[in-house]
Amino acid sequence: MKLYHTWLYFFLWDAQGDEFLEYNLPYPNYLLHAQKGVFIGWLINGYPGTKQAREYFNDVIARFIIAYKQNKPERLPYKPNMERMAHIDTKHTWELKNFQNLPSLYWANKKKIWSADSVGTIDQVFWAIKLYTEELIKEFGEGTPVPYEMLQDYAFNNFFDRKDKSTLRAKCRNIWNWYNERGWKMTRKERALTNAKSIKEKKRKQILNAVTGIMKDEYIKSDGTWNIYKLTKDLGMSKNTIKRHIKELIQEGIIPEKVEKK
């Protein structure tokens, strides 16, 4: 029986190439540094041939896009160019379950920004398109209509659907109509949530870069634990913020609780 594989292949703008470490993702099968970002891809066991498989693939894609929103991820619907001078490893393949460390927007339904009818169960694809729409609203300026085609192109380029793309079209229509009825303005709560999430992501990345970078030994105390005081002083964040992020990174298995100092 032939085993099918699918590439999950992305371009991340203004990326360094080590972003996958932030959520303890598998080592990429393809990594290429380019002038404006990074091409990164994983070879996945399986194929999105059934409705259930497409939903599983799309859930992971959406969570990846949301997690790395600051790098404006684009899923590339083709295989990487193996003739380029890239880091390539096709001997190992991965399961979608290897990407379960990616964050899920479980907070979405709890905030009741959208009605239960429009959201239904937690739909990561829906929220990825919605967050993209909010970025466009900020870019265009509130009150300026966003062309529907931009939402549809974004959805078609990034997610799998049946040949007629009916499911993705429905999500795009619901989001476009919702903002259109409200004059292309975000609610105060949406602005607050978007800003809070962006700030949290930025701080998490700063802390992770500090404790995994070339100067990481400076942030390790003699007993091997993390030096919260020095991180607070150098990064200009509160002690509680540093402690919360360090705790999360340890719990997610991204950094160790103790480090053996060289």
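Conventions and cut-offs
- Sequence order sets the numbering: in each chain, residues are counted from 1 along the sequence as written.
- Only residues with pLDDT of at least 70 get local features here, since the model is predicted, and only at 80 or more are side-chain atom pairs given and counted; chain-wide, interface and lining totals rely on the full set of residues.
- With hydrogens and water excluded, all non-hydrogen atoms of the structure serve as input to the side-chain values.
- Strands are runs of DSSP state E lasting at least 2 residues, helices are runs of H or I lasting at least 4, and numbering of each runs from the N terminus.
- We compute the radius of gyration over the C-alpha atoms and compare it with the globule rule, which gives 2.2 Å times the number of residues raised to the power 0.38.
- Exposed residues in this analysis have more than 50% of their type's maximum accessible area, buried residues have under 20%, and partly exposed residues fall in between, with area computed by a 1.4 Å probe over protein chains only.
- A contact between two residues is defined here by any heavy atoms of the two lying within 4.5 Å.
- Only four residue types enter the charge count, namely Lys and Arg as positive and Asp and Glu as negative; His and the chain termini do not.
- A pair is scored as a salt bridge if a Lys or Arg side-chain nitrogen falls within 4 Å of a carboxyl oxygen belonging to Asp or Glu.
- Strands are labelled as partners when DSSP assigns at least two bridges between them.
- Between N-to-C directions, angles span 0 to 180 degrees; the directions come from axes that are lines fitted to C-alpha atoms, helices contributing only their stretch in contact.
- Definition of a polar contact: a pair of N or O atoms within 3.5 Å, with one able to donate and the other able to accept a hydrogen when the atoms are protein atoms, and with sequence-neighbouring residues admitted only if both atoms are side-chain atoms.
- Confidence scores here are pLDDT values: one per residue, from the predictor, ranging 0 to 100.
- These descriptions rest on fixed angle ranges, namely under 35 degrees for roughly parallel, over 145 for roughly antiparallel, 65 to 115 for roughly perpendicular, and the rest for oblique.
- Whether a crossing is left-handed or right-handed is set by the direction in which the near helix is turned from the far one by less than a right angle, anticlockwise for left-handed and clockwise for right-handed.
- When residues are sorted by character, Ala, Val, Leu, Ile, Met, Phe, Trp, Tyr, Cys and Pro go into the nonpolar class, Asp, Glu, Lys and Arg into the charged class, and all the rest, Gly among them, into the polar class.
- We call a set of buried residues a nonpolar core when its members are Ala, Val, Leu, Ile, Met, Phe, Trp, Tyr or Cys and they connect through side-chain atoms within 4.5 Å of each other.

(A) Representation of the overall build of the protein chain. Check the secondary structure of the protein chain and you find 9 helices and 5 strands. Starting at the N terminus and walking to the C terminus, you meet the elements of the protein chain as β-β-β-α-β-β-α-α-α-α-α-α-α-α. Against the compact-globule benchmark of 18 Å for 262 residues, the protein chain has a radius of gyration of 20 Å, which places it among compact chains. The principal-axis extents of the C-alpha atoms in the protein chain amount to approximately 60 × 55 × 35 Å. Taking all 262 residues of the protein chain together, the buried fraction comes to 44%. Taking contacts inside the protein chain between residues at least 6 apart in sequence as the whole, the part at least 24 apart equals 71%.

(B) Quick look at the side chain of Arg-54. Structurally, Arg-54 can be placed in helix H1 (residues 51-67). Among buried charged residues, Arg-54 stands out as having no salt bridge; its nearest opposite-charge side chain is Asp-161, 4.8 Å away. Leaving out residues up to four positions away in the same chain, Arg-54 has contacts with Pro-48, Gly-49, Phe-160, Asp-161 and Arg-162.

(C) Representation of the sheet that holds strand E3 (residues 37-45). Reading across the sheet, the 5 strands line up as E4-E1-E3-E2-E5 and stay open at both edges, with antiparallel pairing between neighbours. Edge strands, defined here as strands with exactly one partner in the open sheet, are strand E4 (74-75) and strand E5 (87-88). Note: strand E1 (residues 5-13) against E4, 2 bridges, orientation antiparallel. From the neighbouring strand, Phe-10 faces E4, where its bridge partner is Arg-75. Running at roughly 15 degrees to E1, H1 makes contact with E1, E3 and E4 of the sheet.

(D) Summary view of the side chain of Asn-45. Note on placement: Asn-45 falls in strand E3. Polar side-chain contacts of Asn-45 include one of 2.9 Å to the side chain of Thr-93. In this structure Asn-45 touches Leu-3, Tyr-4, His-5, Thr-93, Trp-94 and Glu-95, once residues within four positions along its chain are discounted.

(E) Representation of the confidence of the model for the protein chain within the structure. On average, the protein chain scores 86 in pLDDT, and the residues at 70 or more come to 92%. Segment residues 107-121: pLDDT under 50, and 26 contacts once partners within four positions in sequence are set aside and those in other chains are kept.

(F) Expanded view of unusual backbone geometry. Phi angles above zero are rare outside glycine, and Asp-14 is one such case at about 50 degrees. Tracing the sequence through the fold places Asp-14 in the loop between E1 and strand E2 (30-34). A relative accessible area of 64% means that Asp-14 is categorised as exposed. Unusually for a residue other than glycine, Lys-72 sits at a positive phi of about 45 degrees. Inspection of the secondary structure puts Lys-72 in the loop between H1 and E4.

(G) Looking closely at the packing of helix H4 (residues 124-140) against helix H5 (residues 148-158). The contact between H4 and H5 brings their axes to 10 Å, and the two run at 140 degrees. Judged on the interaxial angle alone, H5 and H4 are oblique. Handedness of the H4/H5 crossing: right-handed. Contact with H4, carried on its side by Ala-128, Ile-129, Tyr-132, Thr-133, Leu-136 and Phe-140, involves Met-150, Leu-151, Tyr-154 and Ala-155 of H5 and no other residues of that element. For the contact of H4 with H5, the per-class residue count stands at 9 nonpolar, 1 polar and no charged.

(H) Quick look at the nonpolar core. Core analysis: the largest hydrophobic core is formed by 47 residues, its most contacted members being Leu-25, Trp-42, Leu-102 and Phe-159. For this core, the secondary-structure elements that each account for two or more residues are E1, E3, H1, H4, H5 and helix H6 (166-181). With 15 residues, the next largest nonpolar core counts Ile-207, Ala-210, Trp-226 and Ile-255 among its residues.

(I) Representation of the environment of Ser-198 within the structure. For Ser-198, the location among the structural elements is in helix H7 (residues 188-212). Take Ser-198: its relative accessible area is 29%, and that puts it in the partly exposed class.

(J) H5, seen in detail. The set of residues buried in H5 consists of Tyr-148, Leu-151, Gln-152, Tyr-154, Ala-155, Phe-156 and Asn-158. Buried residues belonging to H5 abut H1, E4, H4 and H6.

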